[in-house]
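Residues per chain are reported as follows:
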Amino acid sequence: MELLYSLCVGVMTFSGVFLCLRGRTFPVVMGLMMLGYAVNLFLFSTGRLSLDGAAILGKSETYADPLPQALVLTAIVIGFAMTAFAVILSMRARADLGNDFVDGKEPPGRPKQSVSRWSSKQ
Amino acid sequence: MMDHLPILPILVSLIGGLLLLLPPFAGIERYVNRRVAALFLCLLQIAVAIALMAKVIDAGPIMYAVGNWQAPFGIILYADSLAALLVLLTGFLGLASTLYSFAGTDREGHYFHPIMQFQLMGITGAFLTHDLFNLFVFFEVLLIASYVLLVHGGGKQRTQANVHYVILNLVGSAIFLIALGTLYGTTGTLNIADMSLKMSTLSEGEQVLAKVGGMMLLVVFGLKAAMLPLHFWLPNTYSAASAPVAALFAIMTKVGIYSIFRVFTVIFGEGAGALSNMVLPWVWPLAILTVIVGTIGVLASPNLRNIAANTVLISVGTLLMAFSIRSPEASGAAFYYALHSTLISAVLFMLADMIGQQRGKAFDRFVIAKKVTQPTLLGALFFVAAMVVVGLPPFSGFIGKVVVLQSAATGLDKALLWSTVLISTLLTIIALARAGTTLFWRHAGESANSEDESASVWQVVGVVLLLMASPIMAIFAGPITEYTAIAALQLHDIRLPVSVLQLQGGQQ
């Protein structure tokens, strides 16, 4: 279980970081979401992984640490609000700056074809 | 009522900010109501901060268990001399920014004052909390408020700067959470004082994990504080923001610095066993480089707002150098310098805006443009501000730099600190002299503009309020440095929060 869990967190962090380094706002927002999920899973595991453990004393044989669950809940709420803000901001940037690059302008020396590959017109 | 004093600074801005969203204050035409209420809230905030400070001076550090859940399980607010001082500074800066915004910035959008209050709430909360996860929450509160304030007024440049700022800080928040998870998984606590107790009892394998967590915290705080090489966002962001917002942002880097001081003194300080002072080999060279890069930035700046942003970098570097000396004297000196540098950076951003308004399209760029309408007023303000920021006597900058220089240890450290700070001061004088000459003397045509562009009374009030603090800080340097020395002693005495929070000393 531990191996599967840590692999999941690792792969999601990897994808998140990779997407965050892309040049356009949409992949970056997706990357931030991925990173957020990975972080939430990671936080959850800091209370140690256990099966059949209730977070309340006396309800089961073993009990789970309730604090990471509370932390994850807080982190999810904050992450959700931040993602919403990032989405709105990138739409605003698309409208204000006329393109969806994070730097606000097309990278110089970039062949035109690779730009149109992503656009829906072709 | 007095028992609840430590949480009042947070509640004033929280409830005040919420009230500002309600009908008597919301709406386009009711901006006068909003202004009166915002002014009242800022004054109330200062009154509460002074009451808190008086109580801390009187009775020593006080703690407040939120919801009466005792440490180490509940969230604890902990007000010592340092936190009380920074809360007062935040309130004062908030007042000046609010006054300055009355000149018209606050009418560019309907939610300026509420968001400003939420921003103040986040900053005061970050200063007062003694729980690492709660620190994260207050960081997020101040960040989301700052995202909104940064785009206030709109425009291409602001949207552009904000995209970078938001993405960078969201990644920073993710790293913060991973660091917290690692530290919680190792020590089983999030309370700063409790963690400092657990740190010396870790086994060897756990120490490695704790070190990783601590280093990630340094990255996050370094990002907020704009420590090299995490400073690239700062000049663009700060020069894109509107003047009162940039002025308030002057304290945001200090939140990062404060967190570095708090976490790496209490948790990873003297009592951390094998992990004692583990960040020093990193912070000391990076601090020197931050000052150097900031100085180069000041020399290379094409406009006054950029100079202001780069002086923020220099002050961050200087503060981190003082942090690296790791003695209570140096920390006390750093706190005095932090007060001074926050206030004067805010003044520079405001002045850049006032000068820019009167120079037409050139704004505050260093090019030949039309003559400013009020050369005497602006020239005098700029002259005084420049003297304060470079640290010429008789202002607070001089005393701030002297106390930092005096606190240096002997040997190589001293040589490096003295030479870096003094050379950077000299180069800043040159850059500011050049800036002033271009802005005030090199103009096209003698006739000032006929249109009425003179600075608003509110702008002058805001700037003078902040600028007045400098001579006052110089006159009362004795009592203030005594106070910061006590604050530093309280910070470095890592047993103090343990006894205030009534934790089981040293037991597992």
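Residues numbered from 1 in each chain as written. Chains lettered and ligands numbered in written order. Predicted model: local features only at pLDDT ≥ 70, side-chain atom pairs only at ≥ 80, totals over all residues.

Across its full length, chain A holds four helices and zero strands. The N-to-C order of helical and strand elements in chain A reads α-α-α-α. Taken across its 122 residues, chain A has 25% of its residues classed as buried. For chain A, restricting intrachain contacts to residue pairs at least 6 apart in sequence, the fraction spanning at least 24 positions comes to 46%. (Helix = DSSP H or I, 4+ residues; strand = E, 2+ residues; numbered from the N terminus. Buried ≥ 20, exposed ≤ 12 C-beta atoms within 10 Å, placed from the backbone. Contact = placed C-beta atoms within 7 Å.)

Below, the discussion takes up the overall build of chain B. Tallying secondary structure elements over chain B gives 20 helices and two strands in all. Taking 508 residues into account, the globule formula puts the C-alpha radius of gyration at 23 Å, and chain B, at 22 Å, falls close to it. Each of the three principal axes of chain B carries a C-alpha extent, and together these read 75 × 60 × 40 Å. Within chain B, the proportion of its 508 residues that are buried is 59%. Intrachain contacts of chain B at a sequence separation of at least 6 include 78% that bridge at least 24 residues. (Rg over C-alpha atoms; globule rule 2.2 N^0.38 Å.)

Right, let's talk about the packing of helix α12 (residues 280-300) of chain B against helix α13 (residues 304-325) of chain B for a bit. Residue and element names in this part refer to chain B. Two elements in contact, α12 and α13, have axes whose closest approach is 8 Å; the angle formed by their N-to-C orientations is 155 degrees. Judged on the interaxial angle alone, α13 and α12 are roughly antiparallel. Where α12 crosses over α13, the two elements pack in a sense that is left-handed. Contacts from L280, V283, W284, A287, I288, T290, V291, V293, G294, T295, G297 and V298 in α12 reach I307, N310, T311, L313, I314, V316, G317, T318, L320, M321, F323 and S324 in α13. Among the residues forming the contact of α12 with α13, the class breakdown is 15 nonpolar, nine polar and no charged. (Axes fitted to C-alpha atoms, helices over the stretch in contact; angles between N-to-C directions. Parallel < 35°, antiparallel > 145°, perpendicular 65-115°, else oblique. Left-handed = near helix turned anticlockwise from the far one by under 90°. Nonpolar A, V, L, I, M, F, W, Y, C, P; charged D, E, K, R; others polar.)

Moving on, we get to the UniProt feature "transmembrane region" (unreviewed entry) in chain A. The residues that UniProt annotates with the feature "transmembrane region" (unreviewed entry) are residues 6-21, 28-47 and 67-89 of chain A. Here residues 28-47 of chain A is 90% helix and 0% strand, with 30 Å between the C-alpha atoms at its ends. (UniProt positions renumbered as here; feature names shortened; annotations may be inferred.)

What follows deals with unusual backbone geometry. In this structure, the amide linkage connecting L228 of chain B to the following residue, P229 of chain B, adopts the cis form with an omega of -5 degrees. With respect to the helices and strands, the residue P229 of chain B is situated in the loop between α8 (204-225) and α9 (233-240). At R48 of chain A, a residue that is not glycine, the phi angle is positive and equals roughly 70 degrees. For R48 of chain A, the location among the structural elements is in the loop between α2 (25-45) and α3 (66-97).

A few words now on the environment of N99 of chain A. Residues and elements named next belong to chain A. Structurally, N99 is set in the loop between α3 and α4 (112-116). By the C-beta count within 10 Å, which is 13 here, N99 ends up partly exposed. The sequence separation of N99 and L51 amounts to 48 residues, and the corresponding C-alpha distance is 49 Å. For N99, the contacting residues outside a window of four places in its chain are K105 and E106.

Counting residues at the interface gives 26 residues for chain A and 20 residues for chain B. At the level of secondary structure, the elements contributing two or more residues to the side of chain A that touches chain B comprise α2 and α3 of chain A. For the side of chain A that touches chain B, the element with the most residues is α3 of chain A, which contributes 14 residues.

All names here are of chain A. For chain A, the average pLDDT comes to 85, and 89% of its residues sit at 70 or higher. Across chain A, element-level confidence peaks in helix α1 (residues 2-20) with a mean pLDDT of 94 and bottoms out in α4 with 49. Residue range residues 113-117 is modelled with pLDDT below 50. Its contacts to residues more than four positions away, or to other chains, number three contacts. (pLDDT = per-residue confidence, 0-100.)

It is worth spelling out the confidence of the model for chain B at this point. This prediction gives chain B a mean pLDDT of 89; 97% of its residues lie at or above 70. Interface confidence for the predicted complex, given as ipTM, is 0.88, next to a pTM of 0.92.

What follows deals with the packing of helix α3 (residues 81-101) of chain B against helix α19 (residues 477-492) of chain B. All names here are of chain B. Interaxial distance between α3 and α19 falls to 8 Å at its minimum, and their mutual angle equals 130 degrees. In terms of their interaxial angle, α3 and α19 are classed as oblique. Packed against α3, whose contacting residues are S81, L82 and L85, the element α19 presents Y483, I486, A487, Q490 and L491 at the interface. Per-class residue counts for the contact of α3 with α19 are six nonpolar, two polar and no charged.

Think of an α-helix as turning once every 3.6 residues; residues three or four places apart then point the same way. Residue and element names in this part refer to chain B. For α12, with 21 residues, the first-to-last C-alpha span of 30 Å sits near the 30 Å given by 1.5 Å per residue. V283, L286, A287, I288, T290, V291, G294, T295, G297 and V298 are the residues of α12 that are buried. In this structure, the buried side of α12 is in contact with α9, α13 and α17 (412-440). (Expected span 1.5 Å × (residues − 1).)

What follows is about the pairing of strand β2 (residues 76-79) of chain B. All names here are of chain B. Of the two faces of β2, the one holding I76 and Y78 and the one holding L77 and A79 are both buried throughout. As paired elements, strand β1 (residues 62-65) and β2 share four bridges and run antiparallel to each other. Along β2, the bridge assignment pairs Y64 with L77. (Pairing = 2+ DSSP bridges.)

Next up on the list: α1 of chain A. Over its 19 residues, α1 of chain A runs 27 Å from end to end, which matches the ideal 27 Å to within 8%, given 1.5 Å per residue. Of the surrounding secondary structure, the elements contacted by the buried residues of α1 of chain A are α2 of chain A together with α6 (156-187) of chain B.

All names here are of chain B. A247, V347, L351 and A385 are the most contacted members of the largest nonpolar core, which totals 212 residues. At 19 residues, the largest contribution of residues to this core is made by helix α14 (residues 328-357). Apart from residues lying up to four places away in sequence, A247 is in contact with L93, A96, S97, Y100, A346, F349 and M350. (Core = buried A, V, L, I, M, F, W, Y, C linked by C-beta atoms within 7 Å.)

Following the sequence through the fold, F80 of chain A ends up in helix α3. The spacing of F80 of chain A and P107 of chain A is 27 residues in sequence and 30 Å in space, taken between C-alpha atoms.

All names here are of chain B. Mapped onto the secondary structure, H492 falls in helix α19. Along the backbone, H492 and G185 are 307 residues apart, and their C-alpha atoms lie at a distance of 26 Å. Those residues in contact with H492, other than ones at most four positions away along the chain, are T265, P328 and S331.

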